[in-house]
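Observations on chain architecture
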Amino acid sequence: MRQKLIVGNWKMHGSRASVNALIADIRQGIAIVKTTQVAVCPPVIFLGDVEALLKGTPIAWGAQNLCDQPSGAYTGEISADMLREFGCRYVIVGHSERRALYGEGDVLVARKYALAVKSGLIPIFCVGELLAEREAGQTEAVVARQLDAVLNHSGVTALQQGVVAYEPVWAIGTGKTATPEQAQQVHAFIRERVARHDATIGAGLQILYGGSVKAANAAELFRMPDIDGGLIGGASLNAVEFLAICQAAG
Ligand code: 13P
């Protein structure tokens, strides 16, 4: 039985003060969330604060990105081992904003995935199609290409160490959620594609949905058989809303 997982991706929002306040509010309300795993991914500079505030609580934390190299002369980059040192359990890999705005391609994303696993982090590996790709009937082809980049680079066993997040790009920050049926279809496709390599790993893989999830639509998405939780952007910046989404998964 796969456990549900809700992850807040705070993107580049907040200040030191607002992050501390948000963490305090989530901590205070987390007791109502019983069976769901919960994590937050703040901007990396706040990880020290977040670690201090969340250590010993049931809430895990992670980063939004990592370097594809273990260490060295990579100005401005953060390594997997550094993230581990700050207690990170998760790291988001291949988010569509990094693919689109910072030119991250499938090969780079696959290298980051491999390094995250090697360092003991759980990569949250994002896949998803653009609106034009969906309209051209290419959703499955795009998601397959993104998935295969990691499968070919690291092998199916690496998927046992990670989480996949299906985030249709047209649903991110737009208020336009995929319908539960649309999301379920792609989630089932992802699971089946992994299961082709290894049935047990496919069956056990946590696949999150991301894209305009809010308390009002969370329950109907999480009810679908292959949706194992959510990667939440905007709604994760509000503690009441985020906790309601966590509850909807329980
Ligand atoms: P929104 O929930 O704001 O649409 O963002 C989704 C996302 O990109 C999470 O990684």
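Placed above this text is the structure.
I will try to describe carefully the structure that is included in this document. The model shown is predicted, which means the values in this text are computed figures rather than measured ones. (Residues numbered from 1 in each chain as written. Predicted model: local features only at pLDDT ≥ 70, side-chain atom pairs only at ≥ 80, totals over all residues. Heavy atoms only, no water.)

Concerning the overall build of the protein
Tallying secondary structure elements over the protein gives 11 helices and eight strands in all. Over its C-alpha atoms the protein spans a radius of gyration of 17 Å, differing by no more than 12% from the 18 Å that the globule rule assigns to 250 residues. Structurally, the protein occupies a C-alpha span of about 45 × 45 × 35 Å along its principal axes. For the protein, the residues scored as buried account for 53% of the 250 residues in total. If you take every contact in the protein between residues at least 6 apart in sequence, the share linking residues at least 24 apart comes to 73%. Of the accessible surface of the protein, which amounts to about 11,100 Å², a share of 54% is contributed by carbon and sulfur atoms. (Helix = DSSP H or I, 4+ residues; strand = E, 2+ residues; numbered from the N terminus. Rg over C-alpha atoms; globule rule 2.2 N^0.38 Å. Buried < 20%, exposed > 50% of the residue type's maximum accessible area, 1.4 Å probe, protein only. Contact = heavy atoms within 4.5 Å. Areas by Shrake-Rupley, 256 points an atom, 1.4 Å probe, with all protein chains shown as cover.)

Things to note about the nonpolar core
Ile26, Val40, Leu159, Val164, Ile190, Tyr209 and Phe222 are the most contacted members of the largest nonpolar core, which has 68 residues in total. With six residues, helix 7 (residues 139-154) is the largest single contributor of residues to this core. In this structure Ile190 touches Val127, Val143, Leu147, Val164, Tyr166, Leu205 and Ile207, once residues within four positions along its chain are discounted. (Core = buried A, V, L, I, M, F, W, Y, C linked by side-chain atoms within 4.5 Å.)

Quick word on the pairing of strand 6 (residues 163-166)
Side chains Val163 and Ala165 of strand 6 all project onto a buried face; the interleaved residues Val164 and Tyr166 project onto the opposite face, where all are buried too. Across four bridges, the pairing between strand 5 (residues 122-127) and strand 6 is parallel. Residue pairing for strand 6: Cys126 is matched across the bridge by Ala165. Direction of pairing for strand 6 relative to strand 7 (residues 207-210): parallel, over a ladder of three bridges. (Pairing = 2+ DSSP bridges.)

Description of unusual backbone geometry
Look at Lys11: it is not a glycine, yet its phi comes out positive at around 50°. Of note, Lys11 is situated in the loop between strand 1 (5-9) and helix 1 (16-29). The buried category is assigned to Lys11, whose relative accessible area is 19%. A positive phi angle is found at Ser212, which is not glycine, with a value near 55°. Examined against the element boundaries, Ser212 turns out to sit in the loop between strand 7 and helix 10 (215-222).

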